[in-house]
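Residue strings, one per chain:
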Amino acid sequence: MSYNILSQDLLEYNPHLYRHCQQQILAWNYRFPNILADIKQLDADVLCLQEVQEDQYGVEIKPTLEALGYHCEYKMRTGRKPDGCATCFKTSKFSLLSSNPVEFFRHNIPLLDRDNVGLVLLLQPRFSYKAPTAICVANTHLLYNPRRGDIKLTQLAILLAEITSVAIREDGRFCPLVICGDFNSVPHSPLYNFLTEGKLNYEGLPIGKVSGQEQSPRGQRILKIPIWPHSLGISQDCMYEEHQKRLVKERESRETKDTSLEQSEEILIVAKRLPTDLHHSFQLSSVYSHYLPDNGVPEVTTCHSRSAVTVDYIFYSVARDNVTQESGAELLFSGGLSLLGRLSLVTEQDLWGVNGLPNESNSSDHLPLLAKFRLEE
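Residues numbered from 1 in each chain as written. Predicted model: local features only at pLDDT ≥ 70, side-chain atom pairs only at ≥ 80, totals over all residues. Heavy atoms only, no water.

(A) Molecular detail of the pattern of salt bridges. Counted according to the given criterion, the structure contains nine salt bridges. The residue K90 makes a salt bridge to D43 at a minimum N-O spacing of 2.6 Å. With a gap of 47 residues between them, K90 in strand β4 (residues 83–90) and D43 in the loop between α2 (28–42) and β2 (46–53) connect regions that are remote in the sequence. Using a relative accessible area of 12% as the deciding quantity, one classes K90 as buried. Across the pair K90 and D45 runs a salt bridge whose closest N-O atoms are separated by 3.9 Å. Of this pair, K90 sits in strand β4 while D45 sits in the loop between α2 and β2, placing them 45 residues apart in sequence. In this structure, a network of salt bridges that share partners links the residues D43, D45, K90 and K93. (Salt bridge = Lys/Arg side-chain N within 4 Å of Asp/Glu carboxyl O. Helix = DSSP H or I, 4+ residues; strand = E, 2+ residues; numbered from the N terminus. Buried < 20%, exposed > 50% of the residue type's maximum accessible area, 1.4 Å probe, protein only.)

See the structure below:
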């Protein structure tokens, strides 16, 4: 499950977004039982929650989820922001191999002056009779500001770099991956396409069009080349540069003197990559199609007084063995995930038929997303 549960402090700080709501349903003591009821009913093995307020997490959310059999990991936003991301998993299904918080703020890089965070967990399944592969689960909440696509892309690059360093196994293969969260970007925007296609040429791309949140973005500032400074230590392949150098060295040590011409040409092509090309190494698909199959009407995941759009996603690595060449590094993927089912989403018209979000039954301004997978060993 991926679920932005709406921080109470953020709700009260932005009352203009909830003018359509009756005041009594906006109180936390009304909302939390509804949110908990959703979690109990959907009964996910792994929860990726966003806008989890620190004080409510410590007093109510964590103890309640632990009583339901979950282990909880939490990363609060930097800069004294009161909320963050929580990833919780059933201890009957998984054991925790590592928990890796990700901070996007960098005090020495003016571009990265925002307090968003991520959380990357490596989980070991308990439900296999043979030695199962681990699963990497990432959870994040990217910057909202529609006019700062440069920050969003850089935050995403940092998250992908951390995932790359966490998800690689001892044999050099990458384990199956799920990335959940509120990406504050709409389907088929440049940021979304980068995630699902693995590449983005951003030459001439206006900063305000990266996330697709605004039909007519104010201003036409173009993304800088490169987007982020070299001092960040992350390559255009969205890897930590030191990690990428190690992968290249490991590849070179495996190569024989009779490297085929085809392989040589492939490496050469990578070497000639344009300075405006971003890449990542994961073949990701979205759980949702973002449109209703019968009529093509857009699904939505969030709805309040200002807008109703899709910004929340569950992305996953498709079940297949494949080899990808990235800057001379051979990246192997072990197994993957097959999508078995998902919780249906609804349209904006459907939600306004029940007075939008939050309402008496749904106590966040976002809907929960749910997917069921089969792990391919």
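(B) Quick look at the sheet that holds strand β12 (residues 284–286). Sheet architecture is open: six strands sit in the order β5-β6-β7-β9-β15-β12, paired in mixed fashion. Sheet topology places β5 (94–103) and β12 at the edges, where each strand pairs with a single neighbour. The average angle at which neighbouring strand axes cross in this sheet is 20°, direction not considered. Seen against the sheet, helix α5 (residues 190–197) touches β12 and β15 (312–317) and runs at an angle of roughly 20° to β15. (Pairing = 2+ DSSP bridges. Axes fitted to C-alpha atoms, helices over the stretch in contact; angles between N-to-C directions. Contact = heavy atoms within 4.5 Å.)

(C) Looking closely at the packing of helix α4 (residues 149–167) against α5. Two elements in contact, α4 and α5, have axes whose closest approach is 11 Å; the angle formed by their N-to-C orientations is 20°. Taken together, the axes of α4 and α5 are roughly parallel relative to one another. The element α4 and its partner α5 pack so that their crossing is right-handed. Listed contacts from α5 to K152, L153, L156 and L160 of α4 are L191, F194 and L195. Of the residues contributing to the contact of α4 with α5, the split by class is six nonpolar, no polar and one charged. (Parallel < 35°, antiparallel > 145°, perpendicular 65-115°, else oblique. Left-handed = near helix turned anticlockwise from the far one by under 90°. Nonpolar A, V, L, I, M, F, W, Y, C, P; charged D, E, K, R; others polar.)

(D) Highlighting unusual backbone geometry. Omega for the bond connecting I225 with P226 falls within 30 degrees of zero, at -10°, which places this linkage in the cis form. With respect to the helices, strands and loops of the structure, P226 is situated in the loop between β10 (199–201) and α6 (241–254). Note that the residue after L357, namely P358, is joined by a cis bond; omega there is -10°. Tracing the sequence through the fold places P358 in the loop between α8 (348–352) and β19 (371–376).

(E) A look at empty space enclosed by the protein. Evaluated as defined, the whole model comprises two cavities of 30 Å³ or more. The calculated volume of the second largest cavity comes to roughly 30 Å³. Secondary structure elements with two or more residues in the lining of the second largest cavity: α2 and α3 (54–67). If you tally residues by element for the lining of the second largest cavity, the top one is α2, at four residues. (1 Å grid on protein atoms, 1.4 Å probe; cavity = no way out; pocket = protein on both sides within 12 Å on 5 of 7 lines; lining within 4 Å. Points joined across faces, edges and corners; volume = space filled by probe spheres on them.)

So, to be careful, I would describe these as geometric facts and stop short of saying anything about function.
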